[in-house]
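Structure at a glance
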Amino acid sequence: MTKETGYCGNHCEYCFFTECDGCRSKNPSCSYSNLFDDKKCPNVVCCKNKNINGCWLCDKVDICDRGFFSSGENDAKAYALYIKKYGIEQYTKRILQLMKKGYDYPKGFKEINDVDKVLGIFECEG
């Protein structure tokens with residue numbers, strides 16, 4: 001089974017946190033959700049409450065500081081903004097292209113930790 005893109009924009013298929021099957025699975029135990037007593041990521045809860053399939057479908061994603069977007073790790077917001085503009089399929093293709101060029105997804109982008117820089121790499125890296 002292929003893992004999907006998480007509600008926040010992180011792509012579960014390429015995540016280094018292998019104990020989790022993704023937030024859409026029956027084993028949603030990402031490192032961020034484990035910070036909460038109820039083991040529910042605020043991004044997942046928000047999307048479900050709004051009946052949307054991901055943060056990128058929210059018209060306030062660019063200013064959102066809910067859940068993972070408030071964690072200090074800024075790569076997920078860049079992914080959500082990329083998906084909003086280009087779609088999930090292009091996002092997945094782009095991850096693979098960047099990995100072939102030597103980028104370490106997602107660790108390398110977490111280290112960059114800048115929404116504009118990560119988005120710029122996704123949009124402009126040829």
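Computed from a prediction, not measured in an experiment: that's the story for all the values here.

Scoring rules and cut-offs
Sequence order as written defines the numbering, with residues in each chain counted from 1. Totals for whole chains, interfaces and linings use all residues, but because this is a predicted model, local features are given only for residues with pLDDT of at least 70 and pairs of side-chain atoms are given and counted only at 80 or more. Hydrogen atoms and water are omitted, and side-chain values are computed over all heavy atoms in the structure. The secondary structure listing takes helices from DSSP runs of H or I that are at least 4 residues long and strands from runs of E that are at least 2 residues long, numbered from the N terminus. Here the aromatic set is Phe, Tyr and Trp, taking the six-membered ring for Trp, and pairing holds for ring centres within 6.5 Å; pairs whose planes are under 30 degrees apart are stacked, those over 60 apart are edge-to-face, and all others are tilted. We count a salt bridge whenever a side-chain nitrogen from Lys or Arg sits within 4 Å of a carboxyl oxygen from Asp or Glu. Only protein chains enter the calculation, and the probe is 1.4 Å; a residue is then buried if its accessible area is under 20% of its type maximum, exposed if over 50%, and partly exposed in between. Expected span of a helix, by definition, is 1.5 Å for each gap between consecutive residues, and there is one gap fewer than residues. Throughout, a contact is declared for two residues whenever any of their heavy atoms are within 4.5 Å.

What follows is about unusual backbone geometry. Backbone torsion omega between Y105 and P106 reads -5°, so that peptide bond is classified as cis. Tracing the backbone through its elements, the reader meets P106 in the loop between α3 (88-100) and α4 (107-112). Backbone geometry places N51, a non-glycine residue, at a positive phi of 60°. With a phi angle near 55°, N113 is a residue other than glycine that sits in the positive phi range. Structurally, N113 can be placed in the loop between α4 and α5 (115-124).

Let us now look at the packing of aromatic side chains. Inspection of every chain in the model, using the stated rule, returns 12 aromatic pairs. Members of the aromatic cluster, each reached through a chain of ring pairs, are Y14, Y79, Y82, Y86, Y91, Y103, Y105, F109 and F122.

Our focus in this paragraph is the pattern of salt bridges. Under the definition given, this model contains 3 salt bridges. Among the ionic pairs, K110 bridges to E73, the shortest N-O distance being 3.0 Å. Taken together, the residues K110 in helix α4 and E73 in the loop between α1 (42-50) and α2 (75-86) connect sequence positions 37 residues apart. Judged by its relative accessible area of 19%, K110 is buried. Given a relative accessible area of 32%, E73 falls into the partly exposed group. Across the pair K110 and D75 runs a salt bridge whose closest N-O atoms are separated by 3.1 Å. Of this pair, K110 sits in helix α4 while D75 sits in helix α2, and the two are 35 residues apart along the sequence. Judged by its relative accessible area of 0%, D75 is buried. Three or more residues joined by partner-sharing salt bridges are found here, namely E73, D75 and K110.

What follows is about α2. If you check α2, its first and last C-alpha atoms are 16 Å apart, about what 12 residues at 1.5 Å a residue would give, namely 16 Å. Most of α2 is tucked away: 9 of the 12 residues are buried. Of all the positions in α2, only D75, A76, K77, A78, Y79, A80, L81, Y82 and I83 are classed as buried. At its buried positions, α2 is contacted by α3, α4 and α5. Taken from the residues just after α2, G87 is the one with a positive phi, measuring 95°.

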